[in-house]
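Here is how the chains run, residue by residue.
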There are 2 protein chains.
Amino acid sequence: MTARRSDATRAAILVAARERFAADGFERATIRAIAADARIDPSMVMRYYGNKEGLFAAAADFDLRLPDLGDIAADRVGTALARHFLDRWEGDDTLMALLRTAVTKEAAAERMRSVFAQQVGPVAARLAPDPGQAATRAGMIATQMLGFALCRYILRLPPVVTLSPDEAAAWLAPTIQHYLTGEAAAGAEETGRRGQP
Amino acid sequence: MTARRSDATRAAILVAARERFAADGFERATIRAIAADARIDPSMVMRYYGNKEGLFAAAADFDLRLPDLGDIAADRVGTALARHFLDRWEGDDTLMALLRTAVTKEAAAERMRSVFAQQVGPVAARLAPDPGQAATRAGMIATQMLGFALCRYILRLPPVVTLSPDEAAAWLAPTIQHYLTGEAAAGAEETGRRGQP
DNA sequence: CCCGTTTGCCAACAACCGTTGACTTGATCT
DNA sequence: AGATCAAGTCAACGGTTGTTGGCAAACGGG
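Residues numbered from 1 in each chain as written. Chains lettered and ligands numbered in written order. Predicted model: local features only at pLDDT ≥ 70, side-chain atom pairs only at ≥ 80, totals over all residues. Heavy atoms only, no water.

## Things to note about the state of the cysteines
Alright, step 1. Applying the stated criterion across every chain, the model contains zero disulfides over all chains.
Alright, step 2. Cysteine A:Cys151 is unpaired, with the sulfur of B:Cys151 as its nearest cysteine sulfur at 12 Å.
Alright, step 3. Residue class for A:Cys151 comes out buried when judged on its relative accessible area of 0%. (Disulfide = S-S within 2.5 Å. Buried < 20%, exposed > 50% of the residue type's maximum accessible area, 1.4 Å probe, protein only.)

Here it is, written out as structure tokens:
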């Protein structure tokens, strides 16, 4: 397939869409505002992306780009993961657009689920000491990383915003490492039982 | 001030508003839908709460209701906090309404910030080994608790949804405890420096 | 050079939203 | 009983949004 003459316009729309979705979320980001940012007519957005959901799907196409962790000592993976997540968040509007939208749109939440299941899950599966708990371990890592992003980039809690990237990584790394390779939490020994009682 | 005749209506509006805000977020929850749930006219909402933001402010008035932790051993506070947070989330729509809205509305984000600063902050200030790091420790606790709530109740990541409350508390407690009283993360020794370089 | 296709703009529609004001009903007090 | 005021209903307005179809200009192959 050869390059179309409208590729520049398509790309401009996508950039503007990512910025608006990241800054305002899905509902408050209007097609008119996105089109104005991209200096084109709103109807162009419809022509190239069908409708607002199609535009979002194209703008929020995301990959964590986790590096190969094979050559990293198992007890240093926590640090590597924490740093990678932070780098990924700082430079890319896509993750923020996805998170802001996933809170209110089921389709975006589903994409968020698949990102973590397909990209963090395998890492846990390879490094977790207990294969049966790998999914849970990946899930707990997601809670910590998404929670950190939520507090730092969206809610902007002052003590979390103030942290330098190095400090942030230093706080997060032991938690990630613990969820990944630390002792599993049984949790059912006090008042309940695993799964449904 | 004596009880007004309209108190039942006011309360019905508030209940319906909390449910809608919690389920749909601020923008997708319409005054018309809330009024329909409460079986009254939309104009009643305006009369009693001024406008949509006033309604939200009334519906999202929230208190963590942290218990007195004075009589709990310092090394068991993590467990107590984790359990309390979980209880608070399970039973009350208010927190979900607040979180769903805080992601896109600055006023709600500000309320979220003050909730954690004024309610979690003091706990950290009393138990942290290093007073200067108390705010940071409270912030990291917020990242973990809000991240867990985000993944379990809003994004519904399967491995996090599946956990029983006891299992969840067992996973969260060591992390909270570590953020509260564990060794502080220096974090600036590798490539950066604390605060601005 | 001409004709079909792509690219873009313009105006408009239909739906929905928050919000308002006027009117009716019902309770309460003298 | 009649006056007063709160409680509730109804219809509408102004604005915004996603979306559509028609039309003009630019482009490119024959």
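Read on, since the account is not over.
## Focus on the relation of the copies chain B and chain A
Alright, step 1. Laying chain B over chain A is done by rotating through 180° and shifting 0.0 Å along the axis; what remains is an RMSD of 0.1 Å. Look at the turn and shift together and you get a two-fold axis relating the two. For chain B, the minimum C-alpha distance to the rotation axis belongs to B:Gly147 and amounts to 1.7 Å.
Alright, step 2. A shared interface surface links the copies, since 100% of the contact residues of chain B are contact residues in chain A too. (Least-squares fit on C-alpha atoms with pLDDT ≥ 70 in both. Contact = heavy atoms within 4.5 Å.)

## Regarding the interface of chain B and chain A
Interface extent is often summarised as the accessible area lost during association of the parts.
Alright, step 1. With 58 residues of chain B in contact, the opposing surface of chain A contributes 58 residues.
Alright, step 2. A combined buried area of about 4600 Å² lies between chain B and chain A, and 67% of that area is made up of carbon and sulfur atoms.
Alright, step 3. A per-residue breakdown of the area chain B buries against chain A is headed by B:Val103, B:Leu155 and B:Trp171, which together make up 17% of the total.
Alright, step 4. Connecting chain B to chain A are two salt bridges.
Alright, step 5. At the boundary of chain B with chain A, the tally comes to twelve residue pairs in polar contact (both at pLDDT 80 or more).
Alright, step 6. For the side of chain B that touches chain A, the secondary-structure elements that each account for two or more residues are α1 (7-28), α6 (93-102), α7 (106-127), α8 (134-154), α9 (158-162) and α10 (165-181) of chain B. (Buried area = accessible area lost by both parts, 1.4 Å probe. Salt bridge = Lys/Arg side-chain N within 4 Å of Asp/Glu carboxyl O. Polar contact = N/O pair within 3.5 Å; in protein donor to acceptor, adjacent residues only side chain to side chain. Helix = DSSP H or I, 4+ residues; strand = E, 2+ residues; numbered from the N terminus.)

## Points about the protein's contact with DNA strand D
Alright, step 1. Residues in contact with DNA strand D amount to 18 residues; listed here are only the nearest, A:Thr30, A:Arg32, A:Lys52, B:Thr9 and B:Arg47.
Alright, step 2. In this structure, A:Arg32 approaches DNA strand D through a side-chain N or O atom, which is 2.7 Å from a base nitrogen.
Alright, step 3. Interatomic distance of 2.8 Å between a side-chain N/O atom of A:Lys52 and a phosphate oxygen of DNA strand D.
Alright, step 4. Contributions of two or more residues to the surface near DNA strand D are made by α2 (31-37) and α3 (42-49) of chain A together with α3 (42-49) of chain B.
Alright, step 5. Taken together, the residues of the surface near DNA strand D sort by class into five nonpolar, six polar and seven charged. (Near = heavy atom within 4 Å. Nonpolar A, V, L, I, M, F, W, Y, C, P; charged D, E, K, R; others polar.)

## Brief notes about the environment of B:Pro159
Alright, step 1. Of note, B:Pro159 is situated in helix α9.
Alright, step 2. With residues up to four places along the chain from it excluded, the contact list for B:Pro159 reads A:Ala135, A:Thr136 and A:Gly139.

## Overview of helix α10 (residues 165-181) of chain A
Alright, step 1. Across its 17 residues, α10(A) extends 23 Å between first and last C-alpha, which sits within 8% of the 24 Å expected from 1.5 Å per residue.
Alright, step 2. The sharpest bend along α10(A) comes to roughly 30°, located at A:Leu172, with the proline A:Pro174 sitting one to four residues further on.
Alright, step 3. For α10(A), a buried count of twelve out of 17 residues is recorded, marking the element as mostly surrounded by other parts of the structure.
Alright, step 4. Of the positions making up α10(A), those classed as buried are A:Asp166, A:Glu167, A:Ala168, A:Ala169, A:Trp171, A:Leu172, A:Ala173, A:Thr175, A:Ile176, A:Gln177, A:Tyr179 and A:Leu180.
Alright, step 5. Looking at the buried positions of α10(A), the neighbouring elements they touch are α5 (77-91), α7 (106-127) and α8 (134-154) of chain A together with α8 and α10 of chain B. (Expected span 1.5 Å × (residues − 1). Bend = angle between axes of the 7 residues up to and from the residue.)

## Topic: the UniProt feature "DNA-binding region" (unreviewed entry) in chain A
Alright, step 1. Mapped onto the present numbering, the UniProt feature "DNA-binding region" (unreviewed entry) falls on residues 30-49 of chain A.
Alright, step 2. The span residues 30-49 of chain A is 75% helical and 0% strand by assignment, and the distance between its end C-alpha atoms comes to 14 Å. (UniProt positions renumbered as here; feature names shortened; annotations may be inferred.)

## Digging into the nonpolar core
For soluble globular proteins, the rule of thumb is that nonpolar side chains tend to be buried together.
Alright, step 1. Of all hydrophobic cores here, the largest spans 137 residues; its most connected members are A:Phe21, A:Leu55, A:Leu155, B:Phe21, B:Leu55 and B:Leu155.
Alright, step 2. The contact partners of A:Leu55, leaving out residues within four places of it in the chain, are A:Ile13, A:Leu14, A:Ala17, A:Phe21, A:Ile34, A:Val45 and A:Tyr49. (Core = buried A, V, L, I, M, F, W, Y, C linked by side-chain atoms within 4.5 Å.)

## Notes on the protein's contact with DNA strand C
Alright, step 1. Contacts to DNA strand C come from 20 residues, most closely from A:Thr9, A:Asp41, A:Arg47, B:Arg32 and B:Lys52.
Alright, step 2. Close to the protein, within 4 Å, the atoms of DNA strand C belong to sugar or phosphate groups at a rate of 52%.
Alright, step 3. Here A:Ser43 contributes a side-chain N or O atom positioned 3.2 Å from a base nitrogen of DNA strand C.
Alright, step 4. Within the residue set of the surface near DNA strand C, elements represented by two or more residues are α3 of chain A together with α2 (31-37) and α3 of chain B.
Alright, step 5. Broken down by element, the residue count for the surface near DNA strand C peaks at four residues, all from α3(A).

## A short note on the domain arrangement of chain A
All names here are of chain A.
Alright, step 1. Considered domain by domain, chain A is made up of domain 1 (7-59) and domain 2 (74-181).
Alright, step 2. A straight line from the C-alpha centre of domain 1 to that of domain 2 covers 27 Å.
Alright, step 3. Taken together, the contact between domain 1 and domain 2 spans 13 residues of the former and eleven residues of the latter.
Alright, step 4. Between domain 1 and domain 2, the buried area comes to about 940 Å², and carbon and sulfur atoms account for 57% of it.
Alright, step 5. On the surface where domain 1 and domain 2 come into contact, there are one salt bridge.
Alright, step 6. Measuring nitrogen to oxygen at the nearest pair gives 2.8 Å for the salt bridge that ties Lys105 to Glu53. (Domains from an automatic or database assignment.)

## A look at the packing of α1(B) against α3(B)
Residue and element names in this part refer to chain B.
Alright, step 1. One can describe the packing of α1 onto α3 by two numbers: an axis separation of 11 Å at closest approach and a directional angle of 105°. Taken as axis vectors, α1 and α3 run roughly perpendicular relative to one another. Two secondary-structure elements touch here, α1 through Thr9, Arg10, Ile13 and Leu14 and α3 through Met44, Val45, Tyr48 and Tyr49. (Axes fitted to C-alpha atoms, helices over the stretch in contact; angles between N-to-C directions. Parallel < 35°, antiparallel > 145°, perpendicular 65-115°, else oblique.)

## Let's talk about empty space enclosed by the protein
Alright, step 1. Scanning all chains against the criterion turns up three cavities of 30 Å³ or more.
Alright, step 2. Taken as a whole, the largest cavity holds about 50 Å³ of empty space.
Alright, step 3. Along its surface, the largest cavity is lined by A:Phe26, A:Glu27, A:Thr104, B:Asp24, B:Gly25, B:Phe26, B:Glu27, B:Arg100, B:Thr101 and B:Thr104.
Alright, step 4. At the level of elements, α1 (7-28) of chain A together with α1 and α6 of chain B are the ones that each hand at least two residues to the lining of the largest cavity.
Alright, step 5. No other element matches α1(B), which puts four residues into the lining of the largest cavity.
Alright, step 6. Split into classes, the residues belonging to the lining of the largest cavity amount to two nonpolar, four polar and four charged.
Alright, step 7. No fewer than three residues from each of domain 1 (7-59) and domain 2 (74-181) of chain B sit in the lining of the largest cavity. (1 Å grid on protein atoms, 1.4 Å probe; cavity = no way out; pocket = protein on both sides within 12 Å on 5 of 7 lines; lining within 4 Å. Points joined across faces, edges and corners; volume = space filled by probe spheres on them.)

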